[in-house]
Amino acid sequence: MKKTGIFLAILMLIGGFYANGQSTSSIRLNEVLVINVDNFVDEYGSRSGWIELYNNSPGTVDIRGCYISNDPNDPKKYMIPKGDVKTKIPPRQHVLFWADNRPFHGTFHLNFVLDPQKENRLFFFDSDGKTLIDQVTIPTGQKPDVSYGLTLDGVGTWEALTKVTPDTNNKTLDSNEKIENFQRNDSFGVGMTLTAMTVVFLGLILLYLIFKQVGNSAIKMSRRRAEKVSGGAPVTHSANEPGAVFAAITTALYEVAEDAHDFENTVLTIHRVARNYSPWNSKIYGLRSLPDKK
């Protein structure tokens, strides 16, 4: 019973974590563009302000039935329609709503617009229309095609972003820090060249040591096998028989074998075939029956 209780507690803990990952409470207002002059266009080719939401959880969240509003006294100003599969936001992903006052254009078109002449307060409410999940105030004086968003997706502080990133990460890497560091500290590539050569030479030295050790081990094993075959007598190599001598003997034997092979291939031998019978004496040419006498 005790083990069963612990197992159920673990299951409840995992289930609670998973449920929390699926909750709309992890949705964040992530980026807002108030003045859209030469920026992203919607599916109708129109330019208008937009609001980006971000799923800050490790699970997919369905925001259908939730509300987006720019009026704190009217939390249910725009209800996100139900039945649209695109309202399911995958983990760590975004969704974009157009503030164009054209809700008849589809699920992601709000029934209000953003006012460039004053500050804009935005609210995201849960499906009960009362629980406030997230809010942000966009200050006045926004520049055209410059968005206002979080420095990092779902977290950080709100500020004007140097790069507008609709429906993608607020922080993008346009350069390689390691390459830039090399360019600053080693513009001629001397350090990189020395580093590469050092790595190559160290690798060659390491291979030499490994092969030398393997060769010595093989020689020792061969000597032990020879001693075992000779009954324990130590096997030694004569100092007067260096490897060059054996190589010369092997080469000479190879040349002799090649010469003999070539000589045999160029000799044509004809043996006389002895026939012990004459085809005229063969029985197949004899008469099998006497001719009729007429």
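Structural notes, computed from the coordinates. Just so you know, these numbers come straight off a predicted model, no measurement behind them.

Cut-offs used in this document
- Residues numbered from 1 in each chain as written.
- Predicted model: local features only at pLDDT ≥ 70, side-chain atom pairs only at ≥ 80, totals over all residues.
- Heavy atoms only, no water.
- Salt bridge = Lys/Arg side-chain N within 4 Å of Asp/Glu carboxyl O.
- Buried < 20%, exposed > 50% of the residue type's maximum accessible area, 1.4 Å probe, protein only.
- Phe/Tyr/Trp six-rings, centres within 6.5 Å; stacked < 30°, edge-to-face > 60°.
- Helix = DSSP H or I, 4+ residues; strand = E, 2+ residues; numbered from the N terminus.
- Pairing = 2+ DSSP bridges.
- Contact = heavy atoms within 4.5 Å.
- Lys, Arg positive; Asp, Glu negative; His and termini not counted.
- Polar contact = N/O pair within 3.5 Å; in protein donor to acceptor, adjacent residues only side chain to side chain.

1. Section: the pattern of salt bridges
So, step 1. Counted according to the given criterion, the structure contains two salt bridges.
So, step 2. In this structure, Arg-47 and Asp-38 form a salt bridge, with 3.6 Å as the shortest nitrogen-oxygen distance.
So, step 3. Classification of Asp-38 as exposed rests on a relative accessible area of 58%.
So, step 4. A salt bridge links Arg-64 to Asp-62, with the shortest nitrogen-to-oxygen separation between them at 3.2 Å.

2. Overview of the packing of aromatic side chains
So, step 1. Applying the stated criterion across every chain yields a total of four aromatic pairs.
So, step 2. Taking 5.1 Å as the distance between ring centres and 55 degrees as the angle between the ring planes, the aromatic pair formed by Phe-97 and Phe-108 counts as tilted. On the criterion of sequence distance, the pair formed by Phe-97 in strand β7 (residues 94-99) and Phe-108 in the loop between β7 and β8 (120-125) is long-range, its members being 11 residues apart. For the pair Phe-97 and Phe-108, a shared accessibility class is recorded, and that class is buried.

3. Points about the pairing of β7
So, step 1. Burial within β7 is extensive, with six of its six residues counted as buried.
So, step 2. Residues His-94, Leu-96 and Trp-98 point to one face of β7 and Val-95, Phe-97 and Ala-99 to the other, with burial holding for every one of them.
So, step 3. Across six bridges, strand β2 (residues 49-55) lies against β7 in antiparallel orientation. From the neighbouring strand, Glu-52 faces β7, where its bridge partner is Leu-96.

4. Section: the side chain of Thr-24
So, step 1. Among the secondary structure elements, Thr-24 is positioned in the loop between α1 (2-22) and β1 (27-33).
So, step 2. The residues contacting Thr-24, other than those within four sequence positions of it, are Val-61, Asp-62, Cys-66, Phe-124, Asp-126 and Ile-133.

5. Remarks on the side chain of Glu-52
So, step 1. Positionally, Glu-52 belongs in strand β2.
So, step 2. For the buried Glu-52, which has no salt bridge, the nearest side chain bearing the opposite charge is Arg-28, at an N-O separation of 13 Å.
So, step 3. Polar side-chain contacts of Glu-52 include one of 3.4 Å to the backbone nitrogen of Thr-168.
So, step 4. Setting aside chain neighbours within four positions, we find Glu-52 in contact with Arg-28, Leu-29, Asn-30, Glu-31, His-94, Val-95, Leu-96, Thr-165, Pro-166, Asp-167, Thr-168 and Asn-170.

6. A look at unusual backbone geometry
Residues other than glycine predominantly adopt negative phi, and peptide bonds predominantly adopt the trans conformation.
So, step 1. Backbone geometry at Asn-101 places phi at a positive 60 degrees, although glycine is not the residue there.
So, step 2. When you line up the elements, Asn-101 lands in the loop between β7 and β8.
So, step 3. On the accessibility criterion, Asn-101 (43% relative accessible area) is partly exposed.
So, step 4. Non-glycine residue Asp-167 carries a positive phi angle of around 60 degrees.

7. Brief notes about the pairing of strand β11 (residues 155-160)
Regular strands show a simple pattern: their side chains alternate between the two faces of the sheet.
So, step 1. Both strand β10 (residues 148-152) and β11 contribute to a ladder of four bridges, which runs antiparallel. Note that in β11 the partner of Gly-149 across the bridge is Glu-159.
So, step 2. If you look at the hairpin formed by β10 and β11, you'll find two residues sitting between the two strands, and Gly-154 has a positive phi there, around 80 degrees.

8. Observations regarding the sheet that holds strand β4 (residues 67-69)
The strands making up a sheet associate through hydrogen bonds between their backbones, and the pairing can be parallel or antiparallel.
So, step 1. The strand order β5-β4-β8-β9 describes an open sheet built from four strands, whose pairing is antiparallel. Only two strands of the sheet have a single neighbouring strand rather than two, namely β5 (78-79) and β9 (132-138).
So, step 2. Where β4 and β5 come together, two bridges link them in antiparallel fashion. Looking at the pairing, Ile-68 lines up with Tyr-78 of β5.

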